[in-house]
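Each chain, written out:
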Amino acid sequence: MKQIIRTALVMSIGLMSTQCNTAQQPTTAQQTETVEPTQTPTARASSTADPRMRQFVDSLLSQMTLEEKIGQLNLVSVGFDVTGPVVSQNVDENIRKGNVGGVFNTYTPVAARKLQEFAVNNTRLKIPLLFGYDVIHGHRTIFPIPLGLSASWDLEAIERSARIAADEASADGLNWVYSPMVDIARDPRWGRISEGAGEDPYLGSEIARAMVRGYQGDDLTKENTVMATVKHFALYGASEAGRDYNTVDMSLNRMFNEYMPPYKAAIEAGVGSVMSSFNDINGVPATGNHWLMTELLRDKWGFDGFVVADYTAVSEMIAHGMGDEAKVGELALSAGVDMDMVSEVYLRHVKQSVDKGSLSEEVVNTAARRILEAKYKLGLFEDPYRYTNDQRAKTTIMKPEYREASRDIARRSMVLLKNSKQTLPLKKSGTIALIGPLANNQRDLIGNWSGAGDWKQAVSVEQGIKNVAGNGVKINYAKGANITDDEQMIKRLNAHGGELQLDKRTSEQMIAEAVKVARASDVIVAVVGESQGMSGEAASRADIGLPGKQRELLMALKKTGKPLVVVLMNGRPLALPWEDQNADAILETWFAGTEAGNAIADVLFGNYNPSGKLTATFPQMVGQIPLYYAHRNTGRPFNGDLLNKYTTRYMDVTNEPLYPFGFGLSYTSFTYSKPQLSKTSISPSENLEVSVQVQNTGNYDGEEVVQLYVQDVVASITRPVKELKGFQKINLKKGESRTVTFTITPEHLKFYNNELDFVLEPGEFKVYVGTNSRDVQEASFTVTQ
Ligand code: BGC
């Protein structure tokens, strides 16, 4: 019965995708293109592309027993970083038996070499292991959390961060990293929004490509490159109600136009591996979803690397209700999930499944081939110890240039959300009241998933201010509040490395002390926000305001009448309407990494003029979620008339975000001319140029992210009111102006229609150019039949 239901589901989605290839054409589509795999610019070698690899792997496979092939599909955790409830057992014995294809959570050249020697010297065929790890935003030198990195809109900087992470990781025994995470996320309750590039598929795709390039370089066999893993395939960011590991359910239209593009972009960039997601898709868990893992990923997109299940995602299909261990193992492997992370279901059951005929040996051969090919691509058969060079570790890891790069990239990721009366930048003189639970904190700065990062190396805000402002500035410090006073929450956070200490004074006492300090100072810098463990995996929040008594603290500080600068640290968009109305300046710094304090001080004192822009909408209140700029128009759009009841709106809050996507201020100001189009009418195969003059009209040199959005006004399906289709980060000296030109290609105007054809539908289009998704100027053009 269960089997029948599953087949029916797969078929129904399969039917949609089959239609793409039939002669059935949409009536309005003039330009139709079936989704075809694109050849990749970066390191990519497939069995067809490299005959030597094919020959090598064929010969190896022919010598392997079924058990040895199954062993290659088993990934075990060896080490201390555990991201799930179960840990791998009997590792030594399993390696010796040839039951292990790769390990993760083991690093340092010494540890990795030891384990690699053990595998190579104790197994019949001497097949080396893969060494994987969650290198998420830096390996030892930590960069801002990915949501922060994305806010730089600086692809070169993002690629550089991945390049440095790869250099350090590969010097530290690793050859495979579990990044980039490209899940589109539009619900800031979901803690893992911190790990991705925010809400937009176009920006997310650009960042996915940049990260794959950074990790893999142009040659995977080099000792300083690593294989990347795009995750979590697919749609994990759309967990219902923002609760981690929850159900996902969405239309194919939304799936292909809004959620799939970044995964596809990573595949096109040549990513070596893909990680499955925990959620289901159209009722079938991603990890057992043949349509997803084979029909779409391989047959349509042409992916030729290997797929690894997320942590125990194979065995978790039992709880999803897909069958017993043996059954879910068959489901995952035949869906196209090649490697089983931690659950060891393949190890325990696949042989019996093959013996009794419920799984074909061909499926095992294919999966084993993919794992062996990955090892070949990494050069491990040539030299299993390529990534275990102790000398290189000593000269590479956390070298001064890398710390300097971290500081530079961190500055670029910060977003100035408010700056009234030019409160910022601060003068390098006078007295600062430095207040808040995150003001002299180090632990939180490197975020909750900083792999091998050492928080004790992180520069606190207090230290950063001292370093940047020097002796001219006197700092008066008070903690003012705990991040949270909820003892249960603190216990949970500390169980996962939180290091939170509850100040035993009452909140009144702490606030009174802070107010006293503020009164004796010229300006208040309040460093507030979340603890790192409040975002990330298994860290969803239903209330996304400042936790604990931090808002009360800010309210009391406001009453002193001193200028109030709020420095935020957090892993998600927060709802901060009071703070927006009452602070004089607000600087969003995310969790900015090893050099956080120096980078924050660089921005506060104007050594760096902020240039970051939000990549996820900040709502006014949690009830507006999901709130994102690229929404579709309804039949009853809200037109601003509050007396008009029957439009799409709330009774108690407007539809506006607190800060829109793309928003971020600078210490200088930029003015934009109206966009000029090269033509007002183009054919479906023509490009269009859009130019805009941007001038720096303020008092500082500065960088601006010039943003281009497009709207397809009439189409066969409802289309977003705006979609990002281009951006350029430019540097303008005070007074300078520049013409910025974008080229809109037919690709930018296409979308997946309800037959899942990628089409350009002729008709009217609008172009919007501006400093964020809200403050834009428009022009229009038509695409002729
Ligand atoms: C996470 C993945 C991660 C894996 C390995 C899982 O819990 O979802 O993102 O790569 O663990 O640590």
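Since this is a predicted model, take the numbers as computed values, not measurements.

Attention now moves to the pairing of strand β4 (residues 130-133). Each regular strand shows side chains that alternate between the opposite faces of the sheet. Judged by which residues are buried, β4 turns out to be covered on both faces: Leu130 and Gly132 on one side and Phe131 and Tyr133 on the other are all buried. Pairing between strand β3 (residues 102-104) and β4: three bridges, direction parallel. Along β4, the bridge assignment pairs valine 103 with phenylalanine 131. For the segment spanning β3, helix α5 (residues 109-122) and β4, crossover handedness is right-handed. Bridge count between β4 and strand β5 (residues 176-177): two bridges; the pairing is parallel. Bridging across to β5, glycine 132 finds its partner in tryptophan 176.

With that out of the way, let us pick up the sheet that holds strand β17 (residues 585-588). Taken in spatial order, the six strands make up an open sheet running β12-β17-β16-β15-β13-β14, and their pairing is mixed. Strand pairing shows two members of the sheet lacking a second neighbour, β12 (415-419) and β14 (473-478), which therefore form its edges. The sheet shows a mean angle of 20 degrees between the axes of neighbouring strands, direction not considered. Two elements, strand β15 (residues 523-529) and strand β16 (residues 564-569), share six bridges in a ladder whose sense is parallel. Looking across to β16, one finds that alanine 526 is bridged to valine 566.

Spatially, β20-β28-β27-β22-β23 is the arrangement adopted by the five strands of the open sheet, whose pairing is mixed. The sheet is open, and its two borders are formed by β20 (681-682) and β23 (723-732), each paired with just one other strand. Pairing of β20 with strand β28 (residues 776-783), which is carried by two bridges, proceeds in the parallel orientation. Bridging from a neighbouring strand, serine 681 pairs with threonine 782 of β28.

For serine 59, the position within the fold is in helix α2 (residues 51-63). A relative accessible area of 38% places serine 59 in the partly exposed class. Remark: the alpha-carbon pair of serine 59 and glycine 480, spanning 421 residues in sequence, is separated by 67 Å.

This next bit is on the nonpolar core. Nonpolar side chains tend to gather and get buried jointly when the protein is soluble and globular. Core analysis: the biggest nonpolar cluster contains 214 residues, and Phe233, Met260 and Leu604 have the highest contact counts within it. With seven residues, the single largest contributor to this core is helix α7 (residues 155-171). Counting the residues that make up this core, at least three belong to each of domain 1 (406-624) and domain 2 (670-783). Among residues more than four places away in sequence, those in contact with phenylalanine 233 are Met260, Tyr263, Val274, Met275, Ser276, Ser277, Ala286, Leu292, Met293, Leu296, Leu297 and Trp301.

Below, the discussion takes up the packing of aromatic side chains. Per the counting criterion, the structure on display carries 25 aromatic pairs. For the ring pair tryptophan 153 and phenylalanine 727, a centre distance of 5.2 Å and an interplane angle of 90 degrees mean the geometry is edge-to-face. Placement of the pair is tryptophan 153 in the loop between α6 (146-150) and α7 and phenylalanine 727 in strand β23, with a sequence separation of 574 residues. The pair formed by tryptophan 153 and phenylalanine 727 is uniform in burial state, with each residue classed as buried. Considering the side-chain rings of tyrosine 659 and phenylalanine 663, the 5.5 Å spacing of their centres and the 10 degrees angle between planes classify their relative orientation as stacked. Both residues of the pair, tyrosine 659 and phenylalanine 663, count as buried.

Looking now at the UniProt feature "domain: Fibronectin type III-like" (unreviewed entry) in the chain. As recorded in UniProt, the feature "domain: Fibronectin type III-like" (unreviewed entry) lies at residues 704-773. Within the segment residues 704-773, helix and strand shares are 6% and 57% respectively, and the terminal C-alpha atoms sit 14 Å apart.

On to the pattern of salt bridges. Scanning the model with the defined rule gives 53 salt bridges in all. Linking arginine 213 and glutamate 159 is a salt bridge whose minimum nitrogen-to-oxygen distance equals 2.9 Å. Placement of the pair is arginine 213 in helix α8 (residues 201-216) and glutamate 159 in helix α7, with a sequence separation of 54 residues. Given the relative accessible area of 32%, arginine 213 is considered partly exposed. In this structure, the salt-bridge partner of aspartate 355 is lysine 351, at a minimum N-O distance of 2.7 Å. With a gap of four residues between them, aspartate 355 and lysine 351 both fall in helix α14 (residues 345-355), about one helical turn apart. Taking the relative accessible area as the measure of exposure, lysine 351 reaches 25% and is therefore partly exposed.

Let us look at helix α17 (residues 400-413). Along its 14 residues, α17 runs 20 Å from first to last C-alpha, staying within 8% of the 20 Å computed at 1.5 Å per residue. Counting buried positions along α17 yields 11 of 14 residues, so the element is predominantly enclosed. Where α17 is concerned, the buried positions are Tyr402, Arg403, Ala405, Ser406, Arg407, Asp408, Ile409, Ala410, Arg411, Arg412 and Ser413.

What counts and what doesn't
Residues numbered from 1 in each chain as written. Predicted model: local features only at pLDDT ≥ 70, side-chain atom pairs only at ≥ 80, totals over all residues. Heavy atoms only, no water. Buried < 20%, exposed > 50% of the residue type's maximum accessible area, 1.4 Å probe, protein only. Helix = DSSP H or I, 4+ residues; strand = E, 2+ residues; numbered from the N terminus. Pairing = 2+ DSSP bridges. Right-handed = clockwise from strand over helix to strand, strands pointing away. Axes fitted to C-alpha atoms, helices over the stretch in contact; angles between N-to-C directions. Core = buried A, V, L, I, M, F, W, Y, C linked by side-chain atoms within 4.5 Å. Domains from an automatic or database assignment. Contact = heavy atoms within 4.5 Å. Phe/Tyr/Trp six-rings, centres within 6.5 Å; stacked < 30°, edge-to-face > 60°. UniProt positions renumbered as here; feature names shortened; annotations may be inferred. Salt bridge = Lys/Arg side-chain N within 4 Å of Asp/Glu carboxyl O. Expected span 1.5 Å × (residues − 1).

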